[in-house]
Structures are given as structure tokens and as C-alpha cells.
Amino acid sequence: MDTFEQLKVLQVEGGAVLALDFSTDDQRLFTGSRDGNLSVWRVTTGELLDVIPAHDDVITSLCTTKDGLYIATASLHHTIKLWRGDTLNFEATLVGHTDIVESVVAAGMFVMNLA
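Please read all numbers here as calculations on a predicted model, not as lab measurements.

Inspection of the secondary structure assignment puts Lys66 in the loop between strand 5 (59-64) and strand 6 (70-75). For Lys66 and Gly85, which are 19 residues apart along the polypeptide, the C-alpha to C-alpha distance reads 11 Å.

On to the pairing of strand 2 (residues 28-33), then. Taken across its six residues, strand 2 has five buried, putting it largely inside the fold. In the sheet, strand 1 (residues 17-22) pairs with strand 2 via five bridges, with the strands oriented antiparallel. Within strand 2, the position partnered with Asp21 by the bridge is Phe30. Note that strand 2 and strand 3 (residues 37-42) share five bridges and pair antiparallel. Bridging across to strand 3, Gly32 finds its partner in Leu38.

Attention now goes to the sheet that holds strand 6. Read across the open sheet, the four strands follow the order 5-6-7-8; overall the sheet is antiparallel. On the outer flanks of this sheet lie strand 5 and strand 8 (90-94), each paired with one strand and no other. Going from strand to strand, the sheet's axes swing by 20° on average, the running direction of each strand aside. Bridge analysis of strand 6 against strand 7 (residues 80-84) gives five bridges, and the strand direction is antiparallel.

Moving on, we come to the packing of aromatic side chains. Taken as a whole and assessed by the stated rule, the structure comprises one aromatic pair. Seen from their ring centres, Trp83 and Phe90 are 5.4 Å apart, and the 70° between their planes marks the pair as edge-to-face. You can call Phe90 partly exposed: its relative accessible area is 43%. Positioned over the ring face of Tyr70 is Arg84, at 5.7 Å from the centre of the ring.

We now examine the sheet that holds strand 4 (residues 48-53). Read across the open sheet, the four strands follow the order 1-2-3-4; overall the sheet is antiparallel. Looking at the sheet topology across the chains shown, the edges are occupied by strand 1 and strand 4. Between one strand axis and the next, the sheet turns through 20° on average, direction left out of account.

Here is what the cut-offs are and how they apply
- Residues numbered from 1 in each chain as written.
- Predicted model: local features only at pLDDT ≥ 70, side-chain atom pairs only at ≥ 80, totals over all residues.
- Heavy atoms only, no water.
- Helix = DSSP H or I, 4+ residues; strand = E, 2+ residues; numbered from the N terminus.
- Buried < 20%, exposed > 50% of the residue type's maximum accessible area, 1.4 Å probe, protein only.
- Pairing = 2+ DSSP bridges.
- Axes fitted to C-alpha atoms, helices over the stretch in contact; angles between N-to-C directions.
- Phe/Tyr/Trp six-rings, centres within 6.5 Å; stacked < 30°, edge-to-face > 60°.
- Lys NZ or Arg CZ within 6 Å of the ring centre and 35° of its normal.

See the structure below:
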């Protein structure tokens, strides 16, 4: 039987983490929190690398594309936002949802809403 041990505890300010995903190389962890921030962590050390004020409301879901080029974040604000995976620069807001976006999934180069 496998056993597991806790390696790191990440201290997040601004509310509970509701979404997370690893970078394609498993070097970074992206978290989305109740305060609308997208945070980036170094997996090996637990160091907080960056915090992006991504949404005006709760981040409900996030995902990285398989090629690592984009991170998608979803919010209670009826939007999905796309960020560059390497620079964390904002790329686009996907609008048109009439309700909360509860989940996003990357399939190849496409980001889908699974509400």
C-alpha cells in the first residue's frame, strides 16, 4: 500500500482556493481564489512567484492548455479569461455566458465551458 506525506503548505491570502492546475512541466502550480486572484507557485519550494488580479469575483475554475501556452480562468462574473502561460499576460475575455461559469477544461488548443 502506498503512503503519502505532506510536502508543502501554501499560505494563500485573500480567501479560499477554489481552483488549481499544474503547468505542463509540473514546475508551477496555478491557483484561483475567492478574491479573484490567479496565483503562481514554484512547486519544488512552495514560493509564491506572482499574483494576478484576474477577476472582480470568485475564480470558480482554471485550466492550462496541453501545450502550456494558455491558462483559462472562469468566474462567477459570467466570464472566462485567457492568460499567456509563459508571461501571465492577459490575452482575452470570453463573454456571452448568461450565468456563472462553473468549470473550464482545455482540450488541445480549445477551452470549453462545462456548465
